[in-house]
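Summary of structural features
Listed below, chain by chain, are the residues.
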Amino acid sequence: MIPAREALERLHEGNRRFVESASGPVGRPSAGQQPFAIVLGCSDSRVPAELVFGQGFGDLFVIRVAGNIVAPSQVGSVEFAADRFETRLAVVLGHTQCGAVAASPNLRAIVDRIRPAIEPLFGTPVAKDPAALAAEATRANIRASVAHLRHGSALLERRIERDGLLIVGAEYCVEAGTVEFFDD
């Protein structure tokens, strides 16, 4: 574990290197943003959306929260990007080895949002295989978040119907670095 002051110094040093290496408008955004996709992803440090999708400044509107859950603030953030930037793609990006899906009760607010999506799995044969259960729970949580965005906001529903907003789920494989998009 890194002490707080050492961590702060690493951030200072990292920013210094960033400023030195990213001079001018090519390296850093100097004007506005026009994201072509909204990504609601997990806050897991192994899943930075800009790197996973090979994008740069201003390309993605990224919202990160443990377990890629959809709460009112996340809905509002997606609404903002869809409305303000007229972004037509929203991706709920979950990932393998998600700690929030298997979270402890101490993360109650997150666990309470994930639980309804995964409880039905406990009555199926997959419940007997911990690895399979974890994989299915992750995907069930992604699908639940997609459904919440598609059907939990009048603004997003209008954008889907009138403007062609597409909301899809995806799973990043931490082990392989690949993303699988869900068609449903």
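Below: a short report on this structure. As the structure is a computational prediction, the values presented were derived from the model and not from experiment.

Brief notes about the overall build of the protein
Within the protein, the regular secondary structure consists of seven helices and five strands. Taken from the N to the C terminus, the helices and strands of the protein come in the order α-α-β-α-β-α-β-α-α-α-β-β. Of all 184 residues assigned to the protein, the portion counted as buried reaches 36%. When contacts within the protein are restricted to residue pairs at least 6 apart in sequence, those whose partners lie at least 24 apart make up 64%. For the protein, the exposed surface amounts to about 10600 Å²; the carbon and sulfur share of it is 56%.

Some thoughts on the packing of helix H4 (residues 72-84) against helix H7 (residues 154-163)
The interhelical angle for the contact between H4 and H7, taken along N-to-C directions, is 40°, at an axis separation of 9 Å. The orientation of H4 relative to H7 falls into the category oblique. In the packing of H4 onto H7, the handedness of the crossing is left-handed. Note on element contacts: H7 touches H4 through Leu155, Leu156 and Arg159, opposite Val78, Glu79, Ala82 and Asp83.

Some remarks on the sheet that holds strand S3 (residues 89-95)
Strand order in the open sheet made by the five strands is S2-S1-S3-S4-S5, with mixed pairing throughout. The open sheet has two free edges, formed respectively by strand S2 (60-64) and strand S5 (179-182), since each of these has just one partner strand. Strand-to-strand twist in this sheet, taken as the mean axis angle between neighbours without regard to direction, amounts to 25°. Note that strand S4 (residues 166-172) and S5 share four bridges and pair antiparallel. What sits directly across from Tyr172, in S5, is Val179. The strands touched by H4 are strand S1 (37-41), S2 and S3; relative to S2, the strand with the most contacts, the crossing angle is about 175°. Sheet contacts for helix H6 (residues 130-151): S3, S4 and S5; angle to S4, the most-contacted strand, approximately 165°.

Overview of the environment of Pro35
Tracing the backbone through its elements, the reader meets Pro35 in the loop between helix H2 (24-27) and S1. Pro35 sits in the buried class, given a relative accessible area of 2%. Remark: the alpha-carbon pair of Pro35 and Asp59, spanning 24 residues in sequence, is separated by 4.3 Å. Beyond its immediate stretch of four places on either side in the chain, Pro35 contacts Gly58, Asp59, Leu60, Phe61, Phe85 and Thr87.

Regarding the packing of aromatic side chains
For the coordinates displayed, the defined rule picks out five aromatic pairs. With a centroid separation of 5.8 Å and 50° between ring planes, the pair formed by Phe61 and Phe80 is classed as tilted. Taken as a pair, Phe61 in strand S2 and Phe80 in helix H4 lie far apart in primary sequence, 19 residues in all. Taking relative accessible area as the criterion, Phe61 reaches 15% and is therefore assigned buried. On the accessibility criterion, Phe80 (43% relative accessible area) is partly exposed. Seen from their ring centres, Phe80 and Phe85 are 5.6 Å apart, and the 85° between their planes marks the pair as edge-to-face. Look at Phe85 and you get buried, because its relative accessible area is 6%.

Regarding the environment of His95
As for its position among the elements, His95 is in strand S3. Taking C-alpha positions, His95 is 4.9 Å from Glu171, a pair spaced 76 residues apart along the chain.

What about the side chain of Ser153?
Relative to the helices and strands, Ser153 resides in the loop between H6 and H7. Its relative accessible area of 4% is what places Ser153 among the buried residues. A polar contact of 2.4 Å, which involves the side chain of Ser153, links it to the side chain of Glu79. Apart from the residues within four sequence positions on either side, Ser153 is in contact with Val75, Glu79 and His148.

About the criteria used
- Residues numbered from 1 in each chain as written.
- Predicted model: local features only at pLDDT ≥ 70, side-chain atom pairs only at ≥ 80, totals over all residues.
- Heavy atoms only, no water.
- Helix = DSSP H or I, 4+ residues; strand = E, 2+ residues; numbered from the N terminus.
- Buried < 20%, exposed > 50% of the residue type's maximum accessible area, 1.4 Å probe, protein only.
- Contact = heavy atoms within 4.5 Å.
- Areas by Shrake-Rupley, 256 points an atom, 1.4 Å probe, with all protein chains shown as cover.
- Axes fitted to C-alpha atoms, helices over the stretch in contact; angles between N-to-C directions.
- Parallel < 35°, antiparallel > 145°, perpendicular 65-115°, else oblique.
- Left-handed = near helix turned anticlockwise from the far one by under 90°.
- Pairing = 2+ DSSP bridges.
- Phe/Tyr/Trp six-rings, centres within 6.5 Å; stacked < 30°, edge-to-face > 60°.
- Polar contact = N/O pair within 3.5 Å; in protein donor to acceptor, adjacent residues only side chain to side chain.

By themselves, these figures tell us nothing about what the structure is for.
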